[in-house]
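Listed below, chain by chain, are the residues.
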Amino acid sequence: MLEIRLLGSPVVTVDGKEIDFDTRKAIAIIAYLAVEGGADRDFLATMFWADSAPDRARAALRRTLSAARGGIGADVMLADRTRVRLSEGYGCDVDELDEAIAETTTHGHDPGDVCQLCIDPLTRGAELYRGDFLGSFSIREAPDFDDWTRTVTESLRLKVGEVFRRLAHAHAAAGDYPAAIAAASRWVALDVLHEPAHRLVMLLKAWAGDRAGAMQAYRDCVAILDRELGVAPLEETTELFEAILDEDLPPAPGTRRSVKSHPVPARPTAPTVMLDRMEAMGRIEDALESSRRSSQLVTVSGDSWMGKTRLLQHLSERARSAGHGVVKGAGFRAESDLPYGLAIQLLEGLLGMLEDSPDGAPQWAMEELARLLPRISPGRAAPDAGDLGELRLRDAFLTLVETVASQRPLLLVVDDAQWIDAASAQIVAHLGRRGGDFPLLVVISARSVDSLHPSLGELVTDEGHVALLPLTVEDLASEHPEVDMANVIRSTGGIPLLVNEALESGSVGADSSSVTRYIESRRMRLSDLARQVMTAAAVLDGMCDAGLLKDTSGRTEEEVVEAVEELVRSGLLRESEDDRLGFTLDVLERVTYESTSLVRRRLLHKRAASALESRSRSRMDARMATAIAGHLRQAGDEGAAEWYRLAGDLGRRVYANREAATAYETALALGHDDVGAIHLALGELAMAMGDYDAAGRELQAAAAQSQGATLALIEHRIGDLNRILGRFDLAEESFARVGMEHPKKADLYADWALLRHRLGDDEGARDLAYRAVGVAEAEEQNARALNVLGLVATDRREAMAHIDRALELSESMAPGRMAALNNKAHLLASSDTGAAIELVREAIDIAARAGYRHQQAALLNHLADLNHRAGHKTEAEAALTEAVTIFADIDSGDWRPEVWLLRQW
């Protein structure tokens, strides 16, 4: 009996004995005939001997067919003068696979469905598959045969994949989950990039009660897709993972959960009124006068070249002549992701004024501000304030401004606010919101209201906003009756700078009708040296000073000084009070940069990165690290990814969470190899900001790429996230998986104790809390451990002692202090409701200022209960309404009961 096995390495046997052919082409021809049924002689000669003359090819075919007949028998290998085929009566695994599949179509259901009768034929089909068609067998000098092999291989892989899928479903329907999982796992092995196969393994393991295995299957899928394709799983895969976590499993194989869409409405643009420049100046001067009595805020918007900078210069001159102090700062495109870039500019100016004041700012404020500028208080910067630190920085900045303004009226100007970083925007917004009776005018200038950071956009009002639009004929006709102003406006587009150029030169030709051509004409008047230095300045953008220009341009110090003087005289660069250099027009910088060849830009970016790297604080300053990373990225240097990782780490230390997240995401996009640790950092940032869905995605991505101590931290974070969301069994599983490699066991035991307490296991909770106290190495860890110990203690006096000690240790730590205040209020609720209310209000204030939305809602709920107990009906209703509003915002449309039930932590 002839048996031909082609799935896997080819094997031909006769009566159980394997045939060893003298030529590989004999096996290849037998395989072709077995699959295709037969072939013409000329076709076979051409396929296997394409490089030979026809006569030689036919002769070679005759010899090969003779060798094949000698192996399998002349009665099996049938050939005439034109055609070759195999006789009946042999067995081939490819045919047997088709027969097994065909048998399942006789059971009275659709071909893709299964029944219990399908299990046997599908099992036979699965057992036949030993590997890909012909395995690694190939004929080097027969490319057409190899092409045919690849085509058959792909066709068979699709068939076998369906066999594995249907067999898995059939076993699952019969309740045999181990067999179903084995079949689905073979489907995954067949094509590791096929997400439906991964989803089936996840689902089967979840149905089998192996939720941990289902989670690991998802992580394996995430890791493979990231490694092979650099992409995240499809939405369907992520949805199934969420359904498994929520125990909301599909009722039958293949059922998918619906996808909810939550469109975000566009923020409306504040209406503006067209104003000429004289009226605009009059409104701002009125605000300057009013600021002598109380703080004022004015916003100015206008596109490039609309005269914003000139208007602000005129205002500054008026303010100085009226006895005001003036502090100016500007945003730069390259600094838009650098935390506190603009804030440091303003801080430098304020400190210069403070030196002339008889009374300095409070010491606490100076120590807080030393975080941004260490020279303020060498060696005496305030200790790390945890998540509360960002708020303390804002309050310190406000205190410094108030101190300076108490000595003389103050004008604080923020130009190009569309480029300022989020952390600086929050500080400026804090000044705008918290200004009081001291004499201060804050002027914020940007291209448009919509380009402002949201925290600044909220401050814009119709009364306090000045919009600068292109000049019109009506604006100018009365001042220049002798000029054809309509022609000037038409040629210049109403751009004030170009209008002024046209009026001064008496020409409104082509040069003044195109911004780019106008700028090019200005640049062409420069010396070669000035153009070279100007190109380096365009590459450096807002991080430009004379030293960086020298190192980046490659010119000497004297040459750079000479070139800068020429550029300033030409009105193309401007010098700020802190010796920084910037372009007078954004579009001038853009045109200069884009007109430079790619090769030269990369060279200059590389030099700029090297120059910044050599500075003493490059690895301690998030702004500098981000700038270096950006330059290396533009230079095409692989080191950019590591610098973005460092920028993210440094950004977190100064509470610039959103900037840190951007840096981490860029590091991943550039191929940083520590993928797990970066996803962990992104997950922790998302949890801190209350975005639990994003946190879950990031943490699962981290787990798929990690091991050892990092994986232990990730499992801890996943456990805590599940605890917060009410998935207690998942949280327990995660905490149990952490193991001994966890680097911060006190935090782990504290969170685990909270979980055991929530589950009603008070004895287990106390044991874990005592373990947390016993292994705590840092004050912050000890405060958290003591707080949890107080929460789970059975003796009220003991609990109060633990929580009071936690309050002492967490003075400047927002999460710890907030939790301890809340827990102490619970202890006092029955004996001193008034004191409990005050404690909760303090905790709410911390939560609101530090951005802990979930905890803020829970605290408001607690406040409502306390006020209801005290008989304060109106206050209770107000607190409850605010809590519900915040809870709804946190939920984002998903029903998560445990989020509503948060009481103590």
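In this text, all values refer to a predicted model and were calculated from it rather than measured experimentally.

Trainee: So what's going on with the overall build of the protein? Which residues, and what values?
Mentor: Counting its regular elements, the protein contains 42 helices and 15 strands. Looking at the protein residue by residue over its 905 residues, the buried ones come to 52%. Here the protein has roughly 40,900 Å² of accessible surface; of this, 49% comes from carbon and sulfur atoms.

Trainee: So, the pairing of strand β9 (residues 296–301): which residues are in play, and what are the values?
Mentor: Relative to strand β12 (residues 440–446), β9 is paired through six bridges, and the arrangement is parallel. For V300, the partnering residue across the bridge sits in β12 and is S445.

Trainee: Tell me about the environment of E96, and name the residues and values.
Mentor: Structurally, E96 is set in helix α4 (residues 93–103). Residue E96 is classed as partly exposed on the basis of its relative accessible area, which comes to 24%. Each C-alpha atom of the pair E96 and L128 lies 8.0 Å from the other, and the pair is 32 residues apart in sequence. Apart from the residues within four sequence positions on either side, E96 is in contact with E3, R5, G91 and L128.

Trainee: Residues and numbers for the confidence of the model for the protein, please.
Mentor: Keep in mind that low pLDDT regions are not for reading the predicted coordinates in detail. On average, the protein scores 84 in pLDDT, and the residues at 70 or more come to 89%. Confidence, read as mean pLDDT per element, is least for strand β8 (residues 274–275) in the protein (32) and greatest for β12 (94). Note that residues 252–276 has pLDDT below 50 and, in this model, 34 contacts with residues that lie over four places away or in other chains.

Trainee: Can you explain the sheet that holds strand β7 (residues 90–92)? Please cite residues and give values.
Mentor: Read from one edge to the other, the open sheet built from four strands follows the order β3-β2-β1-β7, with strand pairing classed as mixed. Of all strands in the sheet, those with a lone pairing partner are β3 (17–18) and β7, marking the two edges. Here strand β1 (residues 2–5) runs beside β7; their pairing, made up of three bridges, is parallel. Note on β7: the bridge partner recorded for E3 is G91. Packing against the sheet, α4 makes contact with β1 and β7, and its axis sits at approximately 70° to β7.

Trainee: Can you tell me about the packing of aromatic side chains, naming the residues and giving the values?
Mentor: For any pair of aromatic rings, geometry is given as the distance between the ring centres together with the angle between the planes. Scanning the entire structure with this criterion turns up 10 aromatic pairs. Between F133 and W148 the ring centres are 5.6 Å apart and the planes differ by 80°, which places this aromatic pair in the edge-to-face class. Of this pair, F133 sits in the loop between α5 (119–128) and α6 (143–173) while W148 sits in helix α6, placing them 15 residues apart in sequence. Side by side, F133 and W148 carry an identical accessibility label, which is buried. Geometrically, the ring pair formed by Y218 and F241 is stacked, given 4.1 Å between the ring centres and 10° between the ring planes. With Y218 in helix α9 (residues 211–228) and F241 in helix α10 (residues 235–245), the pair connects residues that are 23 residues apart, well separated along the chain. In this structure, Y218 and F241 share a single accessibility class: buried. By way of ring pairs, the aromatic residues Y32, F43, F48, W49, F133, F137, F145 and W148 are connected into one cluster. Above the ring of Y749, the side-chain terminus of R771 is found at 4.3 Å from the ring centroid.

The rules behind these values
Residues numbered from 1 in each chain as written. Predicted model: local features only at pLDDT ≥ 70, side-chain atom pairs only at ≥ 80, totals over all residues. Heavy atoms only, no water. Helix = DSSP H or I, 4+ residues; strand = E, 2+ residues; numbered from the N terminus. Buried < 20%, exposed > 50% of the residue type's maximum accessible area, 1.4 Å probe, protein only. Areas by Shrake-Rupley, 256 points an atom, 1.4 Å probe, with all protein chains shown as cover. Pairing = 2+ DSSP bridges. Contact = heavy atoms within 4.5 Å. pLDDT = per-residue confidence, 0-100. Axes fitted to C-alpha atoms, helices over the stretch in contact; angles between N-to-C directions. Phe/Tyr/Trp six-rings, centres within 6.5 Å; stacked < 30°, edge-to-face > 60°. Lys NZ or Arg CZ within 6 Å of the ring centre and 35° of its normal.

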